[in-house]
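Architecture at a glance
Residue-level listing of the chains:
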Amino acid sequence: MGAYQDFHKRSIDKRDEFWAEQARLIDWHQPFERVLDYSRPPFAKWFVGGLTNLCHNAVDRHLAERGEQKALIYISTETGQSRTYTYRELHAEVNRCAAVIMAQGVAKGDRVLIYMPMIPEAVFAMLACARLGAIHSVVFGGFASHSLASRIDDARPKLMITADAGMRGGKAIAYKHLVDEAIRLAQHPPHAVIIVNRGIDKDFATVAGRDLDYAELRAQHMDTQVPVTWLESSEPSYILYTSGTTGRPKGVQRDTGGHAVALAASMKHIYCGHPGETMFTTSDIGWVVGHSYIVYGPLIRGMASILYEGLPIRPDAGIWWKIVAENKVTVMFSSPTAARVLKKQDPAYLRKYDLSLLRHLFLAGEPLDEPTHRWMAESLGRPVIDHYWQTETGWPILTSAPGVEQTPVKYGSPSFPAFGYDLRLLRETDAAEAGPNEKGVVAIVPPLPPGCMTTVWGDDERFVETYFTSFRDKLVYTTFDWGIRDAEGYHFILGRTDDVINVAGHRLGTREIEEAVQAHPNIAEVAVVGVADQLKGQMPLAFAVVKDAARIATPELRREHEKEVMETVDKQLGAIARPAHVHFVTLLPKTRSGKLLRRSIQALAEGRDPGDLTTIEDPAALDQIRAALAAASA
Ligand code: ATP
Ligand code: MG
C-alpha cells in the first residue's frame, strides 16, 4: 500500500489516535479529555474539554521563536502600497485592535461583522475577534448592500468593522456607503461601526453616535495588552456564508480547536509549508479559501502570508509571478478561474520570473478542466494540484498530500480523499456505493473530520435537513456534487447534482458537456445549461468564450466554428449531448467567487427572470447572454 493510502486509512480506522497526534501541532492551554464526542450524530465535538485560542496559535505562540520574522506581507497594486509586519508587529496591532473592539462592549460569543477590502486591518480585526472569543463573520467586500443586510440579520452583530472604500481594477468601491445602505435595510443592525479610513472616499457620511474612526481609537490603545480568552475546543470561532451559487447562503459555523488542528495538519501534510517560508493565496478573506489560507493556516504554521489587493493581470499578467519570485514564495494557492484568466494572456509572463522555490500551486473552488490544468502545469514548470472543497469543510476534501507522499498528478483530477474524510461515491437511486468509473454523489460518512462546519449558525435543524437527509436510512453528509473514481483511485468531480440536464430520458451533467466542449482547442471557457424543450424535455445550450476571436469574425466563420464544437462534443460524449446551439460571448456570468451562474443563464434562456443577482461579478455578462439569445432567435 502507498504511504498516503496508509496514512488515510489510519485516519479513519484509528481516528482518535490519528487526530490526537495532529492535535500536537497546536498549543493547548488545557489539554483535551477526549478526542471526539459523537454522542449526538451528526453533531461532532472534537477535542472535548481542551482549551485553546486561534489568535494565540496564529500569533502569540510564534513570538519567542520567530518574533522578528515576517508574518504578514501586504501588497496592493491598486494603491501602490505595501507594508510588512513581523510577528511581533502583528501581535502589537492585534492587541490594539482587540482593545478597540473590547471597548465597544464586545465579549466572548458576540458577533462582529467584518466587511473590508484586502488590507492588513482586516486581518487584525479577524485575529482580534478570535483573541476575545468574539465570533467574526467576514463578508466578502463588494457584496451589494442587500446581500450584506441579509447576513447582518442572520448573524446579528454587535459591531461592524469596515473601511471607507475598496479598490478594484483602479476603481473605488464605496464600502462605507454600502454599509450605510445595508444597515438601513437590516432588521437587526449593529450599534456601532468602526471605519478604517484609507482616504479613498473623501466624502462618506458619518452617523453620530454610531460611526467611529479606527485610527482615533487605535491611538488610545497603543500599548494595551489584551489577554487571550481561552475557549473550549468546540466553542464557535466564526461564521462564514457559502457562495450562494444554489440559493440562500448558509451560515457555516466553525469550532475553535478542530479548526486550528485541521488547518495545522493541512499546512504540513497537504501544502508542505514550513515555518519561516512564505505562502501566497490569491483569494479574498471573504471566501473560505482566503479565510483559511491567507489568515489562519499560514500563521498557525509560522509562515509569512501575502495579502494581495489587486487583479491577476494588472499592471500585467506577470504580477503574481513577480510577487512569488520577489518574496520567495514556496506555497501558492489560487483558483481555476484565475488560471483560465491567465490562459488568455501571453504565457511568456509565466517564464519571466524565477519560480524555482515554488513547490506547488494549488487550485480550488470550481472544476479545473484537464486542458487548463495541463496548460498551467506546463507553462509554470511546477506541479499544479487541483483540490476540491467547500465552505462547509474549511479545508480540502479531495486532494493529494505531497507532504505525506508525492503521488503522480492526473490532469483534471483532485486525486484522493483528504485524511479524516471517509468519502464515498453513492448511487443516487439506492445509496449503494458506485463502482470504478461509475458516477455517484460525493458523500462523507460522519462524523465530519475536525475543521468542518459544526452546524448552520443558529439553525441546527437546517444543518441536519440540508446536509444529512439526501438518502433515506443512511446518515451521510452530501456535498451535492457528482464524482467518479477511476480504477487507480483518482477522483473526478463531474459537477453539481442540481446541474443535471434530462435529454430524452438521458441524464447528463452540465459539467460533463462543458468538459466535452472544452476539448476543442479554441475554447477558453464555456457554460452549458439545460433549456426546456417540448420534444426532448431539455436541450443543452452552450455559451463559449473563444481564445482566438479571428475564428468567429464573420457569421459564416461562426457557424463553421459552432459546427466544429458540436462535432467535438459528439466525439467525446455522443450526439445525445450535443448542444442545440453554441453561442459565442466574451464574458460568462459568474459569482464574485468565480463560480458560473448557470441558474441565471438558464432562466434567461427560458425567458424567465434571472433571479437574485447580488453575487454576480459583472452584470454585463448577462447582457451578452441576452444578446446572443436574441440574435439566435431573430
Ligand atoms: P452554495 O452552497 O451556497 O450554493 P457554493 O457551493 O458555490 O454555494 P462554496 O462552498 O464556495 O459555495 O463552493 C463549493 C463548491 O465549489 C463545491 O461543492 C463544488 O461544486 C465546487 N468546487 C470546489 N472546488 C472544486 C474542485 N476542485 N473541482 C470541482 N468543483 C469544485
Ligand atoms: Mg455549496
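These lines cover the structure that appears in this document, whether it is placed above or below. If you're wondering where the values come from, they're calculated on a predicted model, not measured in any experiment. Residue numbers here run from 1 along each chain, matching the order of that chain's written sequence. Numbering of ligands from 1 and lettering of chains from A proceed in the order in which they are written. Only residues with pLDDT of at least 70 get local features here, since the model is predicted, and only at 80 or more are side-chain atom pairs given and counted; chain-wide, interface and lining totals rely on the full set of residues. Side-chain metrics rest on all non-hydrogen atoms present in the structure, leaving aside hydrogens and water.

Comments concerning unusual backbone geometry
Here the residue pair R314 and P315 is connected by a cis peptide bond, since its omega of 5 degrees sits within 30 degrees of zero. We count a stretch as a helix when DSSP gives it H or I for four or more residues in a row; a strand needs E for two or more, and each element gets its number in order from the N terminus. Take P315: it is sitting in the loop between β17 (304-309) and α12 (319-326). Across the junction of P446 and P447, the peptide omega takes the value 5 degrees, indicating a cis bond. Within the secondary structure layout, P447 lies in the loop between β24 (440-444) and β25 (455-456). Here the phi dihedral of D473 falls at roughly 65 degrees; this positive angle occurs in a residue that is not glycine. For D473, the location among the structural elements is in the loop between α15 (460-468) and β26 (477-485). In this structure D473 comes out as exposed when scored by relative accessible area, which is 80%. The residue F480 is not glycine, and still its phi comes out positive at about 65 degrees. Within the fold, F480 resides in strand β26. Summary of the burial criterion: residues with accessible area below 20% of their type's maximum are buried, those above 50% are exposed, and those between are partly exposed, where the area comes from a 1.4 Å probe applied to protein chains only.

Describing the pattern of salt bridges
By definition, a salt bridge exists where a carboxyl oxygen of Asp or Glu is found within 4 Å of a side-chain nitrogen of Lys or Arg. Throughout the structure, instances matching the rule amount to 45 salt bridges. The shortest N-O distance in the salt bridge between E93 and R96 comes to 3.1 Å. With E93 and R96 both in helix α5 (residues 87-103) and three residues apart, the pair spans about one turn of that helix. R96 shares its class with E93; the two are buried. One connected set of salt bridges, linked through shared partners, spans R340, K344, E366, D369, E525 and K590.

Details of the packing of helix α6 (residues 120-132) against helix α11 (residues 288-300)
Packed helix pairs are specified by the crossing angle of their axes together with the interaxial distance, meaning the distance between the axes. Only the stretch in contact is used when fitting a helix axis, every axis being a line fitted to C-alpha atoms; angles between N-to-C directions are given from 0 to 180 degrees. Between α6 and α11, whose axes approach to 11 Å, the crossing angle comes to 60 degrees. Between α6 and α11, the crossing angle belongs to the class labelled oblique. By crossing handedness, the relation of α6 to α11 is classed as right-handed. Note on element contacts: α11 touches α6 through H291, V295, Y296 and L299, opposite V123, M126, L127 and A130. Note on residue categories: nonpolar means Ala, Val, Leu, Ile, Met, Phe, Trp, Tyr, Cys or Pro, charged means Asp, Glu, Lys or Arg, and polar means any other residue, Gly included. Of the residues contributing to the contact of α6 with α11, the split by class is seven nonpolar, one polar and no charged. Any angle between 65 and 115 degrees counts as roughly perpendicular, while under 35 counts as roughly parallel, over 145 as roughly antiparallel, and the rest as oblique. Throughout, a crossing is termed right-handed when the near helix is turned clockwise from the far one, and left-handed when it is turned anticlockwise from it by less than a right angle. Throughout, a residue-residue contact means that at least one pair of heavy atoms, one from each residue, lies within 4.5 Å.

Looking at the packing of helix α7 (residues 145-155) against helix α8 (residues 175-185)
For the pair α7 and α8, interaxial distance at closest approach is 8 Å and the crossing angle is 55 degrees. By the angle between their axes, α7 is oblique relative to α8. For the element pair α7 and α8, the recorded crossing hand is right-handed. Together, S145, H146, L148, A149, I152 and D153 of α7 and L178, V179, E181, A182, I183 and L185 of α8 make up the contact between the two elements. Here the contact of α7 with α8 is built from residues that sort into eight nonpolar, two polar and two charged.

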